[in-house]
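Residue-level structure breakdown
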Protein chains: 4
Amino acid sequence: MIIVLKPNTPQEEIDAFQRLFEQQGLGTHLSKGVNTTILGLVGDTSSMNEKTIAANHLVDHVVRVQEPYKMANRKFHPEDTVIAVASKAAAKDNHNNGFAFFGKSHFSVIAGPCSVEGEDQLVGIARAVKASGATFLRGGAFKPRTSPYSFQGLGKEGIHLLELAKKATGLPIVTEVMAIKQLEVMQNVDVIQIGARNMQNFDLLKEVGKCGKPVLLKRGLSATIKEFLMSAEYIMSEGNDNVILCERGIRTFDNYTRNCLDLSAVPYLKKVSHLPVVIDPSHACGISWMVEPLSKAAIAAGADGLMIEVHNNPEKALSDGEQSLTPKQFDSLMQKLEGYIKLEERSL
Amino acid sequence: MIIVLKPNTPQEEIDAFQRLFEQQGLGTHLSKGVNTTILGLVGDTSSMNEKTIAANHLVDHVVRVQEPYKMANRKFHPEDTVIAVASKAAAKDNHNNGFAFFGKSHFSVIAGPCSVEGEDQLVGIARAVKASGATFLRGGAFKPRTSPYSFQGLGKEGIHLLELAKKATGLPIVTEVMAIKQLEVMQNVDVIQIGARNMQNFDLLKEVGKCGKPVLLKRGLSATIKEFLMSAEYIMSEGNDNVILCERGIRTFDNYTRNCLDLSAVPYLKKVSHLPVVIDPSHACGISWMVEPLSKAAIAAGADGLMIEVHNNPEKALSDGEQSLTPKQFDSLMQKLEGYIKLEERSL
Amino acid sequence: MIIVLKPNTPQEEIDAFQRLFEQQGLGTHLSKGVNTTILGLVGDTSSMNEKTIAANHLVDHVVRVQEPYKMANRKFHPEDTVIAVASKAAAKDNHNNGFAFFGKSHFSVIAGPCSVEGEDQLVGIARAVKASGATFLRGGAFKPRTSPYSFQGLGKEGIHLLELAKKATGLPIVTEVMAIKQLEVMQNVDVIQIGARNMQNFDLLKEVGKCGKPVLLKRGLSATIKEFLMSAEYIMSEGNDNVILCERGIRTFDNYTRNCLDLSAVPYLKKVSHLPVVIDPSHACGISWMVEPLSKAAIAAGADGLMIEVHNNPEKALSDGEQSLTPKQFDSLMQKLEGYIKLEERSL
Amino acid sequence: MIIVLKPNTPQEEIDAFQRLFEQQGLGTHLSKGVNTTILGLVGDTSSMNEKTIAANHLVDHVVRVQEPYKMANRKFHPEDTVIAVASKAAAKDNHNNGFAFFGKSHFSVIAGPCSVEGEDQLVGIARAVKASGATFLRGGAFKPRTSPYSFQGLGKEGIHLLELAKKATGLPIVTEVMAIKQLEVMQNVDVIQIGARNMQNFDLLKEVGKCGKPVLLKRGLSATIKEFLMSAEYIMSEGNDNVILCERGIRTFDNYTRNCLDLSAVPYLKKVSHLPVVIDPSHACGISWMVEPLSKAAIAAGADGLMIEVHNNPEKALSDGEQSLTPKQFDSLMQKLEGYIKLEERSL
């Protein structure tokens, strides 16, 4: 932490200020220039709040040198984290010792409808995406909707249908939690998803941090990379290391796509953190024909997986139909992605 | 709702599509140009999802003409909503029949520390801000913090201290709720605050919609005005009409202030909605010396109230010290605001 | 300038790097912590490029402490700049010794049509706005239009009409220059305007820096405050100190108004710079009924002036009609602003 | 164009308004609902300004159905535009009939230093990038710099050095023009670049539209896709069809990279326009190690080319060193890109 002091601060005030930090066990270095005096703090400042320091009347401004996240930081955990999820589908195929993985040389594809709408719909889609190579089934039972008048999801019944689809296909399931109490009905869910709007719902983050299951954390639509990693840190600080980061588009000044897929986040997150990174092109662009080029680009940028919306009848979908692929389109997509996954020396 | 159809759509498909809406009780108007065919929907489309319609293969794009919010919409509720909160402080002064009000010719000032830190701190500040003319006391007991390592608030104990300060001064209290279960300890809270990060925590919105108390809803830092009003609609659709809208700065490309105070939101919200609008300049700019000019500007733009951070010792504040006024600075501010409040033909 | 070095840099490389700066006449301070070594540069670094330094393989990152602008910086010019423009209208009224001023206790209102369309239109509007109290006439002869198919302005003929209107009313005139060669026909223009889209047209900035006339520089719609001041610095570094800064709305994620008027820029610019600051609410919001509340707010925030679009027949305006006031609306506006100007202890 | 009228507009006013458009040769369709009356305009509305219409007192708002760009629009030009530039380097290798191409199955790589600094530097880099497979040499002689105190480029002398490097290697050259008069010294330049800050310098766009050379147009850092295409339209409307669109990063709320590379723009621009699209990952991210993953992603997203900064000694570069590759790194990059170019069925 570097503290730039205001010009003309009397020496005795500087001394007293410096001692304040030394009493907290930090080392300090004072550097006096003609116009500017700088106080450097040495030691673990990750729990210090630069804004509190900035409020001091001696201080012009504060610059944080150290990242505020620790457990998510590659500096303190140089090896890639690999997240393993038991998969009956993989076991049946004698593939990957019965696991689906995120991270390192693995590539995972999570596919399924935005909302769970019914048993036939869901099991049908599940069978289709499995046949095309998907490694996880996704489906929303609790749906965050901008309008109170829109379909809010099937709730507990939706979770039950996901369990049926899991039984039918062996695919592990990914679904979103919106409130703490919903966790009670998610015992059989394999990966808990935190949606973009809840990325800074800190009480929810702490609670999924305690639940022991892998968590797919979506980046908020105007969250900085630092805030995104701090939200991962919330989950990890409760003892849960299995966090999958998911970029799903950010909000900018333009709206030709629903959100702007920030693919630079892939190499950057993988540089500063050891956690796996997944891309959701469907929500990012909101346009089904754009899912293919963005999926290819995500792989080429180094993503560890994709999350793709698939619906048997997008025109009648109760949510997000305009961005869903049909099972047939998804199958064609998976074939096209093969070459790119191979070029990146990864495999499903 | 206006649906622009793709060029060269066969007439029989258009007919079938048109009937689909008529079966839902809507009127339709077809307008055929040389290149473009447009289908207009007439009737109540507020619960229809334009994205679902856009997923139909006949559709080029969809334009919503009607606002998706109803209860928050001034069109259906032309009169300004006035929210009255019983205030022992007002009663003691024989002022406003013992109420503090938001809306119409009233102006309200909510003041207090970002975080409740202790009894002496809080009661001291409460007494000071009351003496200077504040009509509400604010203070955070449950604090949304970006880092899990930052001070998270005193929790239930903080609510208890707010009750003590209310007893000591008669000022009604405003505090933030972050999770549904926290509502249990807020029986004596007068106005429930939903923070910016929870503006789209829909389960929480529904729950405060049921609690019967006035709700101060903060705009999310990248929420559009439409999304903001839809979140108010969530609360109102549960039967709670007492929603106070609070603009507290949005996120832009620049960061010379913490957020960018969007003062245009004041006249715009008051034009399209009947709900009162309050400005929080302290959180918006994050710089204490900027609170005064922004407060004056907020009044001049037509705001119904202000929310101001005041701390007895900003340099030692456990959160947001750099934007807090001292009680003395707050007193000077209130004197300066007087002329502007009068020019707007309002009174505290 | 603070240079944070990479961990584990050998001492002899640090020494050599340090000498590099000392040879350029700068003082240096080295501060070594456990994980981080920091090199502070002392002296005039305003012409140094932090990005060039950041490219060195020893460097982790660079933090600029000193602002990169000098001539626009209040630190080196503590007094408010006041810009005086000779005004025959003021002279006739024996007002302000025949000048219109920007800065300090003065307040100026620049009013007129977006585009100059014809003599009757322009002279009529000029007479009307003068009668209502405007101190400058604005009008566009060269128009920056997003589409090549839109009306591009009357060009040289438009400048001639502005001269006629100036003769008729005595009001000094403000008009936009889009290309260097257009300056040739602007000898009788009193204030040269640089539009938002040309804020970083550096060749044009240098040229108006040489022209000797006051320059009204509009902030680009996604320019940071620092970039804005650096563009002022371009003009000033050519010897022209008479720069008026104009905030006219920035681009954000929302579009309920055309742009988002950033009123915090007023107190901030006036804190860090000595140049006068003017607000253009018409272009910012793009909605005529919103001009009044935003004008009042701009004054309350401390602005030195306003720039308001007025058109005799907004419905037939060749550009920007939807945001123009009629002369009658402008007159009513000026009456309402009076109280706010007085409260700020300023006068027209 | 769809015009939504205000409620309760008298029929005779609607009639008169409707006739106004019919007199301009447009067809009209009136659609009356219970709350809303909609007037549809049929015909060529590309030169109409929706804002002028919106200013009419009868109008609630206006929705443009037709895109405002014509010559850049794929609807009116379904075939991909291919831009051919004579290349002595290609001729010598008996490659592509002596041309370098943008578009269709071709892929082009423009490489070179940000700024031209000297003959040895430039010719050395030119030889190196040619050997690694680059098809164009880039180099800046006129440099747009945020600060007037930064290196502004070698100017005319820089153009001369580019000509020498072209002679030495046979590579066609790409360089930026910042002001109209600079075009005079660019007779031997092969592709004229318009920088991001000048994307809406309309006088300059018109002038390069007249110059007959291919133009590489960079997207402004907060330009919408529509504005970007309208700027291409400016060039094309002067008779120059050879426009290459270049996405180079946009400005968002985050700054972990210098700008946010918007890769969705690639498939979208290629869908709505027939012009070739090139990506500049170096300027977008501003970090040299990120150029490789973003280059691979750009190819996978469907780009027609790349623009890459290469410098022989990035640490001593006079501009943008931190994002430049060394010739050796560039060579390694080109080898890695090969597989991706092949997968996309393209060739250099």
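This one's a predicted model, so the numbers in the text were calculated from it and none came from an experiment.

Conventions we followed
Residues numbered from 1 in each chain as written. Chains lettered and ligands numbered in written order. Predicted model: local features only at pLDDT ≥ 70, side-chain atom pairs only at ≥ 80, totals over all residues. Heavy atoms only, no water. Disulfide = S-S within 2.5 Å. Buried < 20%, exposed > 50% of the residue type's maximum accessible area, 1.4 Å probe, protein only. Helix = DSSP H or I, 4+ residues; strand = E, 2+ residues; numbered from the N terminus. Contact = heavy atoms within 4.5 Å. Least-squares fit on C-alpha atoms with pLDDT ≥ 70 in both. Core = buried A, V, L, I, M, F, W, Y, C linked by side-chain atoms within 4.5 Å. Pairing = 2+ DSSP bridges. Axes fitted to C-alpha atoms, helices over the stretch in contact; angles between N-to-C directions. Buried area = accessible area lost by both parts, 1.4 Å probe. Salt bridge = Lys/Arg side-chain N within 4 Å of Asp/Glu carboxyl O. Polar contact = N/O pair within 3.5 Å; in protein donor to acceptor, adjacent residues only side chain to side chain. Nonpolar A, V, L, I, M, F, W, Y, C, P; charged D, E, K, R; others polar. Phe/Tyr/Trp six-rings, centres within 6.5 Å; stacked < 30°, edge-to-face > 60°.

In this section: the state of the cysteines. Taken as a whole, this structure holds zero disulfides over all chains when the rule is applied. As a non-bridged cysteine, Cys260(C) has Cys260(B) as the owner of its nearest cysteine sulfur, 4.3 Å distant. Exposure remark for Cys260(C): the relative accessible area of 3% places this residue in the buried category. Here Cys211(D) stays unpaired: no disulfide links it, and the sulfur of Cys246(D), its closest cysteine neighbor, is 17 Å away. By relative accessible area, Cys211(D) is classed as partly exposed at 30%.

All names here are of chain A. Residues Phe-202, Asp-203, Leu-204, Leu-205, Val-208 and Gly-209 constitute the buried set of helix H6 (residues 202–210). Tucked into the core, H6 has its buried residues touching strand E9 (173–177), strand E10 (191–194), strand E11 (215–218) and helix H7 (225–236). Gly-212 sits one or two positions beyond H6 and adopts a positive phi of about 80°.

Moving on, we come to the relation of the copies chain C and chain D. Once chain C is rotated about the relating axis by 180° and shifted along it by 0.0 Å, it coincides with chain D to within an RMSD of 0.1 Å. Given the turn and translation reported, the copies of this chain are related as if by a two-fold rotation axis. Taking the C-alpha atom as reference, chain C places Ser222(C) closest to the rotation axis, 3.1 Å from it. Comparing interface residues between copies, 98% of those in chain C also lie at the interface in chain D; the contact surface is shared.

With that settled, the discussion passes to the nonpolar core. Phe330(A), Phe330(B), Phe330(C) and Phe330(D) are the most contacted members of the largest nonpolar core, which totals 320 residues. Leaving out residues up to four positions away in the same chain, Phe330(B) has contacts with Val109(B), Ala111(B), Val129(B), Ser132(B), Ala134(B), Ile308(B), Val310(B) and Leu325(B).

All names here are of chain D. Every second residue of strand E1 (residues 2–5) is oriented toward a common face, with Ile-2 and Val-4 on one face and Ile-3 and Leu-5 on the other, all of them buried. Pairing analysis gives four bridges linking E1 to strand E3 (residues 37–42), with the strands arranged antiparallel. Pairing of Val-4 across the sheet is with Ile-38, part of E3. Relative to strand E4 (residues 59–63), E1 runs antiparallel, the two being bridged by four bridges. Residue Val-4 lies in a different strand from E4, and its bridge partner there is His-61.

Next up on the list: the sheet that holds strand E9 (residues 173–177) of chain B. Remark on secondary structure: sheet strands pair via backbone hydrogen bonds, oriented parallel or antiparallel. Residue and element names in this part refer to chain B. Strand order in the closed barrel made by the eight strands is E7-E8-E9-E10-E11-E12-E13-E14, with parallel pairing throughout. On average, adjacent strands in this sheet sit at an angle of 30° to one another, irrespective of strand direction. The pairing of strand E7 (residues 108–112) with strand E14 (residues 305–309) spans five bridges and is parallel. Residue pairing across strands places Ile-110 opposite Met-307, the latter belonging to E14. Against the sheet, helix H5 (residues 156–169) makes contact with strand E8 (136–138) and E9, and its axis sits at roughly 170° relative to E9, the strand it touches most.

The next thing to look at is the interface of chain C and chain D. In this assembly, 49 residues from chain C lie in contact with 48 residues from chain D. When chain C packs against chain D, the two sides together hide about 4,000 Å² of surface, and 47% of this comes from carbon and sulfur. On inspection of chain C and its partner chain D, the count reaches two salt bridges. Across the pair Glu227(C) and Arg251(D) runs a salt bridge, and its minimum N-O distance is 2.6 Å. Put simply, chain C and chain D have 17 residue pairs in polar contact (both at pLDDT 80 or more) between them. Elements supplying a minimum of two residues to the side of chain C that touches chain D: helix H2 (50–54), helix H6 (202–210) and helix H7 (225–236) of chain C. Take the side of chain C that touches chain D: its biggest share by element is four residues, from H7(C). Class assignment of the residues belonging to the side of chain C that touches chain D gives a composition of 18 nonpolar, 17 polar and 14 charged.

Superposing chain B onto chain C takes a rotation of 180° combined with a translation of 0.0 Å along the rotation axis, leaving an RMSD of 0.1 Å. Most of the interface of chain B is mirrored in chain C: 100% of its interface residues are interface residues there too.

What follows deals with the packing of aromatic side chains. Residues and elements named next belong to chain C. Per the stated rule, a full pass over the model turns up 21 aromatic pairs over all chains. With a centroid separation of 5.1 Å and an interplanar angle of 85°, the aromatic rings of Phe-17 and Phe-21 are classed as edge-to-face. Taken together, the residues span about one helical turn, with Phe-17 and Phe-21 both in helix H1 (residues 11–22) at a distance of four residues. Phe-21 carries the same exposure label as Phe-17, and that label is buried. Ring geometry for Phe-202 and Tyr-234: centres 4.6 Å apart, planes at 20°, overall stacked. Of this pair, Phe-202 sits in helix H6 while Tyr-234 sits in helix H7, and the two are 32 residues apart along the sequence.

With that settled, the discussion passes to the interface of chain B and chain C. Each partner contributes to the interface: chain B provides 34 residues, whereas chain C provides 34 residues. In this assembly, chain B packs against chain C so that about 2,900 Å² is buried in total across both faces, 70% of it on carbon and sulfur atoms. Considering only the surface of chain B that becomes buried against chain C, Phe253(B), Tyr256(B) and Trp289(B) emerge as the three largest contributors, covering 23% of it. Where chain B packs against chain C, one counts four salt bridges.

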